[in-house]
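Close look at the chain arrangement
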Amino acid sequence: MVATFKIAVLGAQGVGKSAIVRQFLYNEFSEVCVPTTARRVYLPAVVMNGHVHDLQIMDFPPITAFPVNTLQVGEWADVCCRGLRSVHAYILVYDICCFDSFEYIKTIRQQILETRVIGTSETPIIIVGNKRDLQRGRVIPRWNVSNLVKKTWKCGYIECSAKYNWHILLLFSELLKSVGCARCKHIHTTIRFQGALRRNRCTIM
């Protein structure tokens, strides 16, 4: 088992990916949308079924394309993409009320599969439909998305509401199970925060 689980959070602008992270870490939500312009790195620890797990959650700004390699022309050429190819899991967030945001994560997922050679088939990708509280404005039926993601893409799928903290803990507990937390599989999962979760454990890079 790895000592620290590295998680990348990706999505188009305005989908609420940063809100999901902050709701998970700090149990807070802001109505003011502040665009993510730089990579933010959070270093929390969680206790899951009696075991402590260190996380490195990287909240990335929207990227034009997934880096094709780790050389100067790829991942390390753009500071915003650093560390993107070496994570243990990807969270791809879209807004259930915005079709373009779904097309964005559809493209990014395909690029991940095409360009990340090492461990691609074993790196979990979870698709997250945010803003469930606005589901009356949904542009794609939930069943259609769930069926596509689970059966065709072979990815996990969860809908949540960052605003109301709905399914946020479920998202991260499922993620931990998917990245190989053997102790967490096949049993009921409970998750809570370590006291080490503090605002000063976030770094902007």
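Residues numbered from 1 in each chain as written. Predicted model: local features only at pLDDT ≥ 70, side-chain atom pairs only at ≥ 80, totals over all residues. Heavy atoms only, no water.

If you look the protein up in an unreviewed UniProt entry, it shows as small monomeric GTPase from Corythaixoides concolor. Of the protein, the UniProt comment under Catalytic activity (unreviewed entry) reads exactly: "GTP + H2O = GDP + phosphate + H(+)". (UniProt positions renumbered as here; feature names shortened; annotations may be inferred.)

What follows deals with the confidence of the model for the protein. Mean pLDDT over the protein: 83, with 78% of residues reaching 70 or higher. pLDDT under 50 marks residues 185–190. Its contacts with residues more than four places away, or in other chains, come to 12 contacts. (pLDDT = per-residue confidence, 0-100. Contact = heavy atoms within 4.5 Å.)

Attention now goes to the nonpolar core. Of all hydrophobic cores here, the largest spans 57 residues; its most connected members are Ile20, Ile57, Tyr90, Ile91, Leu92, Ile127 and Phe172. If near-sequence neighbours (up to four positions away) are discounted, Leu92 is found in contact with Leu10, Ile105, Ile108, Arg109, Ile112, Ile125, Ile126, Ile127 and Val128. (Core = buried A, V, L, I, M, F, W, Y, C linked by side-chain atoms within 4.5 Å. Buried < 20%, exposed > 50% of the residue type's maximum accessible area, 1.4 Å probe, protein only.)

Moving on, we come to the packing of helix α1 (residues 17–26) against helix α4 (residues 168–178). The N-to-C vectors of α1 and α4 enclose an angle of 90 degrees; their axes lie 9 Å apart at closest approach. What the angle tells us is that α1 and α4 run roughly perpendicular. Only Ile168, Leu169, Leu171 and Phe172 of α4 make contact with α1, whose side of the interface consists of Ile20, Gln23 and Phe24. Taken together, the residues of the contact of α1 with α4 sort by class into six nonpolar, one polar and no charged. (Axes fitted to C-alpha atoms, helices over the stretch in contact; angles between N-to-C directions. Helix = DSSP H or I, 4+ residues; strand = E, 2+ residues; numbered from the N terminus. Parallel < 35°, antiparallel > 145°, perpendicular 65-115°, else oblique. Nonpolar A, V, L, I, M, F, W, Y, C, P; charged D, E, K, R; others polar.)

Our focus in this paragraph is the pairing of strand β4 (residues 51–59). By the bridge criterion, six bridges tie strand β1 (residues 4–11) to β4 in an arrangement that is parallel. Bridge pairing in β4 links Lys6 to Gln56. With four bridges joining them, strand β3 (residues 45–48) and β4 adopt antiparallel strand pairing. Directly across from Ala45, in β4, lies its bridge partner Asp54. (Pairing = 2+ DSSP bridges.)

With that out of the way, let us pick up the pattern of salt bridges. Evaluated as defined, the whole model comprises eight salt bridges. In this structure, Glu28 engages Arg22 in a salt bridge whose closest nitrogen and oxygen atoms are separated by 2.6 Å. When its relative accessible area of 27% is taken as the criterion, Glu28 is described as partly exposed. Two residues, Glu31 and Lys163, come together in a salt bridge whose shortest N-O distance is 3.3 Å. Here Glu31 is found in the loop between α1 and β2 (40–42), whereas its partner Lys163 is found in the loop between β7 (156–159) and α4, with 132 residues between them in sequence. (Salt bridge = Lys/Arg side-chain N within 4 Å of Asp/Glu carboxyl O.)

Time to look at unusual backbone geometry. Positive phi, close to 55 degrees, is recorded for Asn27, a residue that is not glycine. When you line up the elements, Asn27 lands in the loop between α1 and β2. On the basis of relative accessibility, which here comes to 53%, the residue Asn27 falls in the exposed class. Its identity is not glycine, yet Asn165 carries a phi of approximately 55 degrees, on the positive side. Mapped onto the elements, Asn165 comes out in the loop between β7 and α4. A relative accessible area of 33% places Asn165 in the partly exposed class.

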